[in-house]
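# Structure assessment
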Amino acid sequence: MSKVQAPRGMRDILPPQTRQWQRVIARAREWAHRCGFREIRTPILEHTEVFARAVGKGTDIVDKEMYTFEDRGGRSLSLRPEGTAGVARAFIDHGMHTWPQPVKLYYVADMFRYDRPQAGRYRQHTQFGAEIFGSAQAAADVEVLTLAIRVIQSLGLRDVVVRLNSVGCPKCRPAYLQRFRAYFTQHESALDEDSRRRLHTNPLRILDSKVPSTRALSADAPKTIDALCDECRAHFEDLQRHFAALAIPTAIDPFIVRGLDYYTRTAAEILSGALGAQNAMFGGGRYDGLVSLLGGPPTPGVGFGMGIDRLLVALDENGSLPADDLRVDAYVAAAASRANDALALVDALRAEGVAAEVDLMGRTLSAQLKAAGRAGAAVAVLLEDDATTPLVVRDLLSGEQTAVPAATVVAHVAAALAVRGRRGAAET
RNA sequence: GUGGCCAUAGCUCAACGGCAGAGCACUAGACUGUGGCUCUAGGGGUUGCGGGUUCAAAUCCCGUUGGCCACCCCA
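This report concerns the structure included in the present document. (Residues numbered from 1 in each chain as written. Chains lettered and ligands numbered in written order. Predicted model: local features only at pLDDT ≥ 70, side-chain atom pairs only at ≥ 80, totals over all residues. Heavy atoms only, no water.)

### Some details on the sheet that holds strand β13 (residues 356-358)
Ordered by their spatial adjacency, 5 strands build an open sheet running β13-β12-β14-β15-β16, and the pairing between neighbours is mixed. Two strands in the sheet have a free side with no partner beyond their single neighbour: β13 and β16 (401-404). Averaged over all pairs of adjacent strands, the angle between strand axes in this sheet comes to 25 degrees, irrespective of strand direction. Here strand β12 (residues 330-334) runs beside β13; their pairing, made up of 3 bridges, is parallel. Bridged to Tyr331 within β13 is Glu357. Each of β12, β14 (379-383), β15 (391-395) and β16 touches helix α14 (residues 409-419); the most contacted strand, β14, lies at about 160 degrees to it. (Pairing = 2+ DSSP bridges. Helix = DSSP H or I, 4+ residues; strand = E, 2+ residues; numbered from the N terminus. Axes fitted to C-alpha atoms, helices over the stretch in contact; angles between N-to-C directions. Contact = heavy atoms within 4.5 Å.)

Right, dumping it as structure tokens:
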């Protein structure tokens, strides 16, 4: 690497794309606030132990994808590979079980995984996520998942279908796993190599293998939803009824399993055809065992994580990304001798909410006008050498010009923009 | 971590063993009283990096870094 460049799998996001990021994140925040979620910000680093326990040793995330290092005090720290573990740690750390329940939190945060980069997969990526702690009701699952769905829909992806599964709980899962293992052990010779390994390390994941022969075997394998205990079954049925009441389209997909050990009962995801093989735009579910696993009081929880990078790809594919709406309203073009007046006028215009620009390149008046046109300004204000002459306000669309006394030029420009329905840069 | 394809100007690409180019973008000028359109000119490159083969390498070979795609895994 002899040229300066971003680290592998990490990238710069430049204007105008940053504008799209702002919009998506603003929409996510808006919906989160409307749904009663409040923002939590947690450190970008946690003690490695937090992830090792919460995410689970034996998962790829912990075993080979974490950015882990030792700090100067000899502590092992890791960049967060996902959001829920840190939020759960904060929940315990700050005694949130004494807060009015349930506790509803959201975050927009960068995650880090030492993966091989691929389309829609980066070593640093941004997730919007939300969690509800303290409620075991299916209504809580629906509440948090609906937030994700409404955000996606409101951005223009209308045809999303929530894929749902239930992976059971510590009560019903052991017996199920036994049958599951027995089935695949019986067919072990027909499994692909990766799936044979999983049979011993993380058997449920066999179900989402992409190897055709394994998929065929999986089709006849025992499913978690057929092996739920009464409580889990009731929870899953409530979940579906609630979604139906909200008119949110769902599809049961018994092949959705979670790579993370703390998930119980509900597993949900939304896929997008625009994303190639990395097609999960959103993943979520219930993790009733997580808080106690981390040493806190037994507390049910449910949440999701949504990949903003992937969401933007899907929106782009869908033609749902509007053009950059940040533009210049007014351009102050001035003769060199009027630099002070030009700066003061621009400042005054901006104070009135007008997006105003002024030459910073020492250009001639003609070149300044050219810059104004290129910037898409609606009006230009011209300051000529003689400070005693009125200013000229030029409408750059019609070419119409008006001589205006310096004292009233701000009001004049504001009025001209109002007529055009253009006033000020976007607020968010 | 495994495999395939790829890397030339800021961007999109051409040149495919024989003088590194075009379009767009950028800068300046001309023409408009003072911008858009048009025209002219200019700045820009150790062809990702390192090595090798050759009289000669952007071009062929090896390595390396990065990107894309698939697997693994996941958002």
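Next comes the rest of the account.
### With respect to unusual backbone geometry
The step from Pro15 to Pro16 runs through a cis peptide bond, and the omega angle for that step is 5 degrees. You can see Pro16 is positioned in the segment before α1 (17-34). The amide bond that connects Gln101 to the next residue, Pro102, takes the cis arrangement and shows omega of 0 degrees. Take Pro102: it is sitting in the loop between α4 (84-93) and β5 (103-112).

### Considerations on the side chain of Lys223
Looking at the secondary structure, you find Lys223 in the loop between α8 (212-219) and α9 (230-245). One polar contact links the side chain of Lys223 to the main-chain carbonyl oxygen of Ala221, over a distance of 2.8 Å. Once you skip the residues sitting within four places of it in the chain, Lys223 turns out to touch Tyr176, Ser218, Pro254 and Phe255. (Polar contact = N/O pair within 3.5 Å; in protein donor to acceptor, adjacent residues only side chain to side chain.)

### Observations concerning the sheet that holds strand β3 (residues 68-70)
One open sheet accounts for 3 strands, arranged β2-β4-β3; its pairing is antiparallel. Every interior strand has two partners, whereas the edge strands, β2 (45-47) and β3, have only one. Going from strand to strand, the sheet's axes swing by 35 degrees on average, the running direction of each strand aside. Here β3 pairs with strand β4 (residues 76-79) via 3 bridges, running antiparallel. Bridged to Phe69 within β4 is Leu77. Here helix α2 (residues 48-56) sits on the sheet in contact with β2, β3 and β4, set at roughly 75 degrees to β2.

### Let's talk about the protein's contact with RNA strand B
Inspection of the region around RNA strand B gives 44 residues, with Arg113, Arg121, Arg198, Arg205 and Ala280 positioned closest. Close to the protein, within 4 Å, the atoms of RNA strand B belong to sugar or phosphate groups at a rate of 57%. Elements represented by at least two residues in the surface near RNA strand B include exactly β6 (124-133), α7 (193-201), β10 (280-286), α13 (365-374) and β15. Classifying every residue of the surface near RNA strand B by side-chain character gives 12 nonpolar, 15 polar and 17 charged. (Near = heavy atom within 4 Å. Nonpolar A, V, L, I, M, F, W, Y, C, P; charged D, E, K, R; others polar.)

### Some points on the nonpolar core
Core analysis: the largest hydrophobic core is formed by 48 residues, its most contacted members being Phe128, Leu147, Phe282, Phe304 and Leu311. Ignoring any residue separated from it by four or fewer positions in sequence, one finds Leu147 in contact with Trp31, Ala32, Cys35, Phe37, Phe128, Ala130 and Phe304. Ranked by size, the runner-up nonpolar core spans 27 residues in total, among them Val50, Ala54, Ala109 and Tyr263. (Core = buried A, V, L, I, M, F, W, Y, C linked by side-chain atoms within 4.5 Å. Buried < 20%, exposed > 50% of the residue type's maximum accessible area, 1.4 Å probe, protein only.)

### Considering the pattern of salt bridges
With the rule as written, the count across this model stands at 19 salt bridges. Between Arg11 and Asp309 there is a salt bridge whose closest N-O contact spans 2.6 Å. You can see Arg11 sitting in the segment before α1 and its partner Asp309 sitting in helix α11 (residues 308-317), a full 298 residues away along the chain. Residue Arg11 is classed as partly exposed on the basis of its relative accessible area of 37%. When its relative accessible area of 6% is taken as the criterion, Asp309 is described as buried. Across the pair Arg163 and Asp253 runs a salt bridge whose closest N-O atoms are separated by 3.0 Å. Note that Arg163 is positioned in strand β7 (residues 162-166) and Asp253 in the loop between β8 (250-252) and β9 (264-271), a separation of 90 residues in sequence. Here Asp253 falls in the buried class, since its relative accessible area comes to 12%. Linked by salt bridges that have partners in common, Arg27, Glu30 and Arg34 make up one network. (Salt bridge = Lys/Arg side-chain N within 4 Å of Asp/Glu carboxyl O.)

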